[in-house]
Amino acid sequence: MVETKIITVDKNRPEKDKIKKAAEIIRKGGLVAFPTETVYGLGGNALDEDAAKKIYAAKGRPQDNPLIVHISDILQLEKLVKEIPERAKLLMDKFWPGPLTIIFNKSEVVPFGTTAGLDTVAIRMPSHAVALELIKEAGVPIAAPSANISGKPSPVCAEDVAEDLAGRIDMILDGGKVMVGVESTVLDLSEKVPIILRPGGVTREQLEEVLGRVELDPGLAPGEKPRSPGQKYRHYAPKAPMTLVEGSIDNQVKVINELAEKLEAEGLKVGIMATAQTRHLYTRGHIISAGDRTAPLTISSNIFSILRKFDRMEVDQILAEGISKEGIGLAVMNRLYKAAGYNVLKV
Ligand code: AMP
Ligand code: MG
């Protein structure tokens, strides 16, 4: 057990002295959780194999799931990779800093401990001021997976991080709730048509505006073998079993109400993840609205905290509405599929 210091920082203008303390921990090989625009990250020196080991141990992360390396300056990139493809330059221009992770061929500087033995390295530049200042001050790129115990819902505030990792890491920088709420988009540029390995904060539509056609890794479908090692694991899972209901809004509401009635008759406590448009249509269960269907960013920023809330309420069964897969909805649905262990009901 280590003592985990929790330090509140100004999310727009992080205090220099606080960032300095956190950066010193990183430079000395320790671990600091910090906010990014997507979710909270668990950061360690990306060039230090021992720091990477500590990250895997703190999270209980499978050894073959590579870490994303975070940078604050394009100049850092050149040292970490063999070459920067033209298409990557276009994307960096448009989406960095922001929730887009690009896969590069790694240089010798990046240890295999960070990339889980792969010759490639995943890199992004986050847009959150705390993340950028921390990386800058540390003077090294920071490897940072989501700051949760592997398999659990990702952390969107410092309390979520503390719930999972207090006693296991040196510091948490508390910059309040994150904005996007789902992780970065991971993009593979090694094929003629770029492939989304994980849908995320930058949408397929946005990528296609820059690159033309972009594919979604067919391996993301249930039962298939994903191209990205981390995607094969059960993820984001709440404690209770979850059923995701997809279909027209009317059908979703009807079926969820019927299921909730049946489950409650069996004496079970039911959590319903609804939307602003439907919450008033439910007559049973513990209803939480994820947000407005016409503004999916309100939903992406809430799904993980709702799953954690259902954990704390100790519900026995979660029933969740599906949303449109347009825009960031694709990332939201990818997370909900996984949270439900692909237990999907089409209605
Ligand atoms: P996390 O940091 O926990 O949000 O997960 C990182 C994601 O990036 C996982 O899905 C990894 O499989 C993926 N990833 C990281 N590095 C690579 C890489 N070199 N090639 C392919 N996928 C990667
Ligand atoms: Mg994660």
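See the structure printed just above.
Residues numbered from 1 in each chain as written. Chains lettered and ligands numbered in written order. Predicted model: local features only at pLDDT ≥ 70, side-chain atom pairs only at ≥ 80, totals over all residues. Heavy atoms only, no water.

Caption draft 1: Molecular detail of the pattern of salt bridges. The full count for this structure, using the stated rule, is 21 salt bridges. The salt bridge partner of glutamate 86 is lysine 89, with a shortest N-O separation of 3.3 Å. Note that glutamate 86 and lysine 89 are positioned in helix α4 (residues 86-95) at a spacing of three residues, about one turn of the helix. Judged by relative accessible area, glutamate 86 falls into the exposed class, the value being 57%. Under the relative-accessibility criterion, lysine 89 is labelled partly exposed at 38%. Notably, a salt bridge pairs lysine 325 with glutamate 246, separated by 3.4 Å at the nearest N-O pair. Taken together, the residues lysine 325 in the loop between β15 (317-321) and α12 (329-339) and glutamate 246 in strand β12 (residues 242-246) connect sequence positions 79 residues apart. The network of salt bridges with common partners includes Lys152, Glu163, Asp164, Arg308 and Arg312. (Salt bridge = Lys/Arg side-chain N within 4 Å of Asp/Glu carboxyl O. Helix = DSSP H or I, 4+ residues; strand = E, 2+ residues; numbered from the N terminus. Buried < 20%, exposed > 50% of the residue type's maximum accessible area, 1.4 Å probe, protein only.)

Caption draft 2: Examining the sheet that holds strand β10 (residues 195-198) more closely. Taken together, the 11 strands give an open sheet; going across it, the order is β1-β8-β2-β3-β7-β4-β6-β5-β9-β10-β11, and neighbouring strands pair in mixed fashion. Two strands in the sheet have a free side with no partner beyond their single neighbour: β1 (5-8) and β11 (215-216). Where strand β5 (residues 100-105) meets strand β6 (residues 120-124), four bridges bridge the pair, whose relative direction is antiparallel. Note that in β6 the partner of phenylalanine 104 across the bridge is valine 121. Contacts from helix α2 (residues 49-59) reach β3 (40-45) and β7 (142-143) within the one sheet, and its direction differs from that of β3 by about 145°. Against the sheet, helix α8 (residues 204-211) engages β5, β9 (185-188), β10 and β11, with an angle of about 35° to β9. (Pairing = 2+ DSSP bridges. Contact = heavy atoms within 4.5 Å. Axes fitted to C-alpha atoms, helices over the stretch in contact; angles between N-to-C directions.)

Caption draft 3: The nonpolar core, seen in detail. Trp96, Phe104 and Ile123 are the most contacted members of the largest nonpolar core, which totals 73 residues. For this core, the element with the most residues is α12, which contributes six residues. With sequence-adjacent residues up to four places away left out, phenylalanine 104 is seen in contact with Leu77, Val81, Glu83, Ile84, Pro85, Ala88, Met92, Trp96, Asp119, Thr120, Val121 and Ile123. With 18 residues, the next largest nonpolar core counts Val9, Ile25, Ala131 and Met171 among its residues. (Core = buried A, V, L, I, M, F, W, Y, C linked by side-chain atoms within 4.5 Å.)

Caption draft 4: Examining the sheet that holds β15 more closely. One open sheet holds the five strands; their spatial order is β14-β13-β15-β12-β16, and the pairing between them is parallel. Each having just a single partner strand, β14 (286-289) and β16 (344-346) make up the two edges of the open sheet. With strand direction ignored, the average angle separating the axes of adjacent strands in the sheet is 20°. Here β12 pairs with β15 via four bridges, running parallel. Note that in β15 the partner of valine 245 across the bridge is glutamate 321. In this fold helix α9 (residues 249-265) packs onto β12, β13 (270-274), β15 and β16, with an angle of close to 170° to the strand it touches most, β15. Strand contacts of α12: β12, β13, β15 and β16, with the helix running at about 140° to β12, the strand carrying the most contacts.

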